[in-house]
Amino acid sequence: KRPAVVRLLIADFLIGTGPAITGALFFFFFERVKGFEKGQASLLLLLYFVGGLVGAPIWNWLAQKISKHRALAVSCVAYAAMTVGILAIPQGNMAAGATLMFLIGIPYAAGAFLLRAIMADVSDQERLEGGEDRTALLYAILAGTVKIGSATAIFVTFPALQMMGFNPAPNGASEGLGALAFTYTAIPAAMALVGGWLIMRFPLTSEKHAEIRTALAERDVRVAGE
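Reference entry: report on the structure contained in this document. Fair warning: this is a prediction, and the values are worked out from it, not measured in the lab.

### Focus on the packing of helix α1 (residues 3–33) against helix α7 (residues 177–200)
Okay, so step 1: Closest axis-to-axis distance for the α1/α7 pair is 8 Å, and the angle between their directions is 160°. Classified by the angle their axes make, α1 and α7 are roughly antiparallel. Considering how the two elements wind past one another, α1 and α7 form a crossing that is left-handed.
Okay, so step 2: Residues belonging to the contact of α1 with α7 are distributed by class as follows: 23 nonpolar, six polar and two charged.

Right, dumping it as structure tokens:
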């Protein structure tokens, strides 16, 4: 019933489903559209996750500087821009592909922990206003959106591509490759931008959360003294 929770769940679905779509289509895109070999594509995927490891402390630092929700919104814009930029990778160019996949991994890492950190703030608000600690429930709901997004990436993306003529067979026709490229880049980018917009307008700012934490601390002291 809380608007902040609904907004956060929708943002989590959008931000998480985009990478799930690119993950499901990764090898099809890089082998069929960009002309990479299987081993090369595997290395590009590894660099993507290495970028995520490098990016995690960067977003943690930025969140402390400009707030969690603003840092997450910045990461969404960066992810969207670089995901569309994949289309500019020359055919089979390993240097360009490796560089861009590493860079895309950096903003990818932000959603994994900043969304959960924001949900922890919502949990504090719920504890103050509702009187109960529902952190476990809120985290469980948030985990559910990730699973729904992952399932959507498989059970919607592939049938849609098949309807647009894409043949996943290694020796399939070139028909439908444009649809594959569009689905791999434009759709995840658009989802990230909408998710970032929702988070940028998140009502529970760092200033409001600080007030909530102060009120909780005062109440805890008062209760302990009774």
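### Section: unusual backbone geometry
Okay, so step 1: In this structure, Ser67 takes a positive phi of about 95° despite not being glycine.
Okay, so step 2: Among the secondary structure elements, Ser67 is positioned in the loop between α2 (38–66) and α3 (68–85).
Okay, so step 3: Taking relative accessible area as the criterion, Ser67 reaches 6% and is therefore assigned buried.

### A short note on the packing of aromatic side chains
Okay, so step 1: Per the stated rule, a full pass over the model turns up 11 aromatic pairs.
Okay, so step 2: Geometrically, the ring pair formed by Phe29 and Tyr184 is stacked, given 4.3 Å between the ring centres and 5° between the ring planes. Highlighted residues: Phe29 in helix α1 and Tyr184 in helix α7, separated in sequence by 155 residues. The pair formed by Phe29 and Tyr184 is uniform in burial state, with each residue classed as buried.
Okay, so step 3: Taken together through their ring pairs, the aromatic side chains of Phe26, Phe27, Phe29, Phe30, Phe36 and Tyr184 make up a single cluster.
Okay, so step 4: Sitting over the face of the ring of Phe27, Lys38 holds its NZ or CZ atom 4.4 Å from the ring centroid.

Calculation notes
Residues numbered from 1 in each chain as written. Predicted model: local features only at pLDDT ≥ 70, side-chain atom pairs only at ≥ 80, totals over all residues. Heavy atoms only, no water. Axes fitted to C-alpha atoms, helices over the stretch in contact; angles between N-to-C directions. Helix = DSSP H or I, 4+ residues; strand = E, 2+ residues; numbered from the N terminus. Parallel < 35°, antiparallel > 145°, perpendicular 65-115°, else oblique. Left-handed = near helix turned anticlockwise from the far one by under 90°. Nonpolar A, V, L, I, M, F, W, Y, C, P; charged D, E, K, R; others polar. Buried < 20%, exposed > 50% of the residue type's maximum accessible area, 1.4 Å probe, protein only. Phe/Tyr/Trp six-rings, centres within 6.5 Å; stacked < 30°, edge-to-face > 60°. Lys NZ or Arg CZ within 6 Å of the ring centre and 35° of its normal.

Any link to function would need more than the numbers given here.
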